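# Architecture and fold: a report
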Amino acid sequence: MSPLSLLAVFPFLCLCVIAENPYRYFTWDVTYGTISPLGVPQQGILINGQFPGPWINSTTNDNIVINVFNHLDEPFLLSWNGVQQRKDSWQDGMPGTNCPILPGTNFTYHFQVKDQIGSYYYFPSVGLQKASGAFGGLRINSRMYIPVPFDPPADDFTVLVGDWYTKSHKVLRQILDDGKSLGRPAGVLINGKTGEQADKFTVEPGKTYRLRISNVGIKNTLNFRIQGHTMKLVEIEGSHTMQNEYDSIDVHVGQSFSVLVTANQAPKDYYIVASTRFTRYSLNGTAVLHYSNGKAGLSGPIPPAPIGIAYSMNQFRSFRWNLTASAARPNPQGSYHYGNINITRTIRLANTMGYVNGKLRYAINGVSYKQARTPLKLADYYGMGSKVYNNQSIPDEPPKRKAITIQTAVVEGEYRTFIEIVFENLERSLQTYHLDGYSFFAVGIGAGRWSPEKRKTYNLVDAVSRTNIQVYQHSWAAILLTIDNAGMWNLRSEEWERQYLGQQLYIRVPSPYKSLRDEYDMPANALLCGLVSNMKKPVVETLKQ
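Residues numbered from 1 in each chain as written. Predicted model: local features only at pLDDT ≥ 70, side-chain atom pairs only at ≥ 80, totals over all residues. Heavy atoms only, no water.

### Quick look at the environment of Leu160
- Within the secondary structure, Leu160 is located in strand 9 (residues 156–164).
- Judged by its relative accessible area of 5%, Leu160 falls in the buried class. (Helix = DSSP H or I, 4+ residues; strand = E, 2+ residues; numbered from the N terminus. Buried < 20%, exposed > 50% of the residue type's maximum accessible area, 1.4 Å probe, protein only.)

What follows is the structure in structure tokens.
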């Protein structure tokens, strides 16, 4: 009997056909290759022969399947900066959640960009490999029937900015292993180029273009600007924003912004600039905005970056969530009234630096993270967590003692509670932090030490929901979030020297019900290593719904 016949006989019958979301398949070969982005030949890490790597163009709810072949002579992993693997930290790609892909082997990532939109990037998470490449842009477009709060641009450009060292990642890692600091980078790149080899973005007069800007560097905040043009901010890390215009935007390490730029100036070439901020040295990377009908080349000086912290702080406070725009689903972004929820726990995290046995270490609340041979997620799955990590090592407040201890640190999170995390930075250098698996509300920043009275200054209405926040020198920053994504999630400094030498931790969020509705089971292709090398794996991969 046909479906129409069934409906004629049983008019109350609902025939529901659920079409599976699209799959996007990629095969990536990871190799070494000689690159010279600053004119000095050096060993880089390439994906399919490309530096930077290929970009991923996806749409909300797409399934991403990436088969990664490791042709390096060292272990390798990829992580997805800002992509929230809901209920699936198995795909996070950090050393605390996954075993590395060994040389000469491959591994297939399979994750869904569920209920997300926005601009992100991927990067290698083992050691200092990020300093040699293997990073690329990752965008998640809105579905066709979800309205976007601006007209479709004439084109959509990925713009990866970052500081760059001419030493290989192996040399940089050895410097840190010897207990020393990396020092200043050699330059700044835009899409892996600068100077005479600068990348060129061609535009047509009168048309508007979207630029997705991500800071994929390992150390410095970069100020981004375009000579003679303003930028209209439209999105930060998955949230549509109020569309304010800026002459320049500070993009801190790990952060991503989307801006609209209209080609409304005289037809010629214009500098696109990314330059270091909050440093004693000044480094610039350049690209070119080229008008298709322009005949004149670049002219005039490179436009200068703003000066001082006040500019950047005020810019942060000007960022507002667009409460009337749709997100990944038709409901407005601002329908979640986070300011009316009671805070159940406050965690204050202070970064410090010091020396342990004569070697440089960085710490959070006095604890410097030690990378375990067994990923914490796997140890937890097989009931061996107590043999691998210490979930009592990080206090909820900074200790009075300034001594640094080295431990594999885990913070216990209570599922579906609403918490406040305050980052305190009493050092002279700016800090940035990223939390995997979550978006949080960046509600406040301020100078000096944090106190409960500072909550009066919080934005409890339209703070941007994002994945990365900066903490200025001698200042604090506060975020609010619901701990509702079960798994083992990395909270880290995005300054890779600090991350490598201990300024990170993991937040363990167990589901009290041990239900597949809250967290997916370990996939059948999961790699095993360390203490769990010989453990039994699932026979088939759990169906994801």
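### Observations regarding the sheet that holds strand 2 (residues 42–47)
- One open sheet accounts for four strands, arranged 2-1-4-6; its pairing is mixed. A strand with exactly one partner marks an edge of an open sheet, and here the two such strands are strand 2 and strand 6 (106–112). Direction aside, the axes of adjacent strands within the sheet are offset by 20° on average.
- Here strand 4 (residues 63–70) pairs with strand 6 via seven bridges, running antiparallel. Paired with Ile64 across the bridge in strand 6 is Phe111. (Pairing = 2+ DSSP bridges. Axes fitted to C-alpha atoms, helices over the stretch in contact; angles between N-to-C directions.)

### A few points about the packing of aromatic side chains
- Applying the stated criterion to the full structure yields 25 aromatic pairs.
- Ring geometry for Tyr438 versus Trp489: centroids 6.3 Å apart, planes at 80°, classification edge-to-face. Pair noted here: Tyr438 is in the loop between strand 27 (431–435) and strand 28 (440–447) and Trp489 is in strand 32 (residues 487–493), with a separation of 51 residues, a long-range link. We note that Tyr438, like Trp489, is buried. (Phe/Tyr/Trp six-rings, centres within 6.5 Å; stacked < 30°, edge-to-face > 60°.)

### Some details on the pairing of strand 2
- Most of strand 2 is tucked away, with five of its six residues classed as buried.
- Where strand 1 (residues 23–35) and strand 2 come together, six bridges link them in antiparallel fashion. Residue Ile35 lies in a different strand from strand 2, and its bridge partner there is Gln42.
- Taken together, strand 1 and the strand that follows it, strand 2, pair antiparallel across an intervening segment of six residues, in which Gly39 is found at a positive phi of about 85°.

### Some thoughts on the environment of Gly104
- By secondary structure assignment, the location of Gly104 is in the loop between strand 5 (78–81) and strand 6.
- Among the residues examined, Gly104 registers a relative accessible area of 70% and is labelled exposed.
- Spatially, the C-alpha atoms of Gly104 and Gln431 are 37 Å apart, while their sequence positions differ by 327 residues.
- Excluding residues within four positions of it along the chain, Gly104 makes contact with Asn70 and Leu72. (Contact = heavy atoms within 4.5 Å.)

### Looking at the state of the cysteines
- Tallied over the full model, the rule gives one disulfide.
- Covalent S-S linkage joins Cys99 and Cys529, the inter-sulfur distance amounting to 2.1 Å. When the S-S torsion is -90°, as for the bridge of Cys99 with Cys529, the disulfide is left-handed. Separated by 430 residues along the polypeptide, Cys99 in the loop between strand 5 and strand 6 and Cys529 in the segment after strand 33 (504–509) bring together distant segments of the chain. The two residues Cys99 and Cys529 agree in class, both being buried. (Disulfide = S-S within 2.5 Å.)

### Considerations on helix 3 (residues 309–318)
- Where helix 3 is concerned, the buried positions are Ser312, Met313, Gln315 and Phe316. For helix 3, the arc enclosing every buried residue in end-on projection is 160°, short of the 170-degree limit, so these residues lie on one face.
- Next to the buried residues of helix 3 lie strand 16 (245–246), strand 17 (248–251), strand 28, strand 29 (465–466), strand 30 (468–471) and strand 31 (475–483). (Arc of directions from axis to C-beta.)

### Overview of the nonpolar core
- Core analysis: the biggest nonpolar cluster contains 73 residues, and Leu349, Leu376, Ile421, Phe423, Ile469, Leu481 and Leu505 have the highest contact counts within it.
- The residues contacting Leu481, other than those within four sequence positions of it, are Thr417, Phe418, Ile419, Ile421, Leu435, Tyr438, Ser439 and Phe440.
- Counting 33 residues, the second largest nonpolar core, distinct from the first, contains Tyr209, Ala274, Tyr281 and Leu289. (Core = buried A, V, L, I, M, F, W, Y, C linked by side-chain atoms within 4.5 Å.)

### Details of the pairing of strand 12 (residues 208–215)
- Across the eight residues that make up strand 12, a large majority, seven, are buried.
- Both strand 9 and strand 12 contribute to a ladder of six bridges, which runs parallel. Looking at the pairing, Val161 lines up with Asn215 of strand 12.
- For strand 12 and strand 18 (residues 256–262), the ladder comprises seven bridges, and the chain directions are antiparallel. What sits directly across from Tyr209, in strand 18, is Val261.

### Regarding the side chain of Gln85
- Mapping Gln85 onto the fold places it in the loop between strand 5 and strand 6.
- Leave out the neighbours within four places in its chain, and Gln85 touches Trp80, Gln91, Asp92, Phe111, Asn485 and Trp489.

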